[in-house]
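Close look at the chain arrangement
Each chain, written out:
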Amino acid sequence: MTPSIRPLIVGNWKMNGLTASLNEFNAFGAGNDAALRRAVDLIICPPATLLSALAHSAPGKGISIGAQDCHMKDSGAHTGDLSAAMLADAGASAVLVGHSERRADHGESDAIVRAKAEAAYRNGLTAIICVGETRAEREAGKTLSVIRRQLKGSVPETMTARDLVIGYEPVWAIGTGLTPTAKDVEEVHASIRAELKKIIGKEEGARTRILYGGSVKPTNAKELLAVPNVDGLLVGGASLKAEDFLTIAGFYR
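A short tour of the structure in this document, coming up. (Residues numbered from 1 in each chain as written. Predicted model: local features only at pLDDT ≥ 70, side-chain atom pairs only at ≥ 80, totals over all residues. Heavy atoms only, no water.)

Quick notes on the pairing of strand E7 (residues 209-213)
Consecutive side chains along a regular strand alternate between the two faces of the sheet. Basically, it comes down to this: Burial classes follow relative accessibility: with a 1.4 Å probe on protein chains only, a residue under 20% of its type's maximum area counts as buried, one over 50% as exposed, and anything between as partly exposed. Strands here are runs of E lasting at least two residues and helices are runs of H or I lasting at least four, both read from the DSSP assignment and numbered beginning at the N terminus. The pairing criterion is simple: DSSP has to find at least two bridges between the two strands.
Within E7, five of the five residues are buried, which leaves it mostly tucked inside the rest of the structure. On E7, burial covers both faces: Arg-209, Leu-211 and Gly-213 on one face and Ile-210 and Tyr-212 on the other are all buried. Two elements, E7 and strand E8 (residues 232-235), share two bridges in a ladder whose sense is parallel. Of the residues in E8, the one forming a bridge with Gly-213 is Leu-234.

Below is the structure:
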């Protein structure tokens, strides 16, 4: 955790959730007590089909709503895509861009991620830019160079700590139950901090929130949150259940 930076926990529901999930979201709000609201910011990123409904239900719960992706353009002939303007109109305040599953499954380059981050910025959304290395890249000793390359290519120089969050998710840890050691996480987050200071300036880089993601669960969250430069967590499967998500966030009480 970085002193003076307000922590953030983001829940990414991925391609999970139907209308019945609104009941689970209500449980999130019921468990988000005053002490927790004072200590940490919470964002839930549901599938696009639930975004508007959750945003409508969110007031009073102390939880913001984010989207999982956006298009680079604000409008146009892009069947099946959603623009940042549309997401903001539906009630989102943030959007994930460059998640490893988007980079791998949809071939998104750093340039595409950067363009999406710029679209988010234009439309008043916080861009949560994701970076992370594969198992092969880690075993080859390329972790830090890969992360630096992704940051240089994906983060617009004009962004500030107010509209930018970085999510570090080692690709090999997502959904596998594996996590890097606390020492490994500390090394990567320190490198991210240093690179951000180069890209957006020392002051803004020092204040930007850097989240760790990748098989985060109640049993390992406390250790991860104690690592320097870990300003919160990007939570996948454990964010689908209010009890698990609130337990993770509750370590900040």
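As for the pattern of salt bridges
Just so we agree on the cut-off: Salt bridges are identified by distance alone: a Lys or Arg side-chain nitrogen within 4 Å of an Asp or Glu carboxyl oxygen.
According to the stated counting rule, one finds 17 salt bridges in the structure shown. Across the pair Asp-41 and Arg-6 runs a salt bridge whose closest N-O atoms are separated by 2.6 Å. One end of the pair, Asp-41, is in strand E2 (residues 41-45); the other, Arg-6, is in the segment before strand E1 (8-12), with 35 residues separating them in the sequence. For Lys-14, the salt bridge identified is with Glu-101, shortest N-O distance 2.9 Å. Of the two residues, Lys-14 sits in the loop between E1 and helix H1 (21-31) while Glu-101 sits in helix H5 (residues 100-105), which places them 87 residues apart along the sequence. Residue Glu-101 is classed as partly exposed on the basis of its relative accessible area of 30%. Among the charged side chains, a network of salt bridges with common partners joins Asp-69, Arg-102, Glu-108 and Lys-116.

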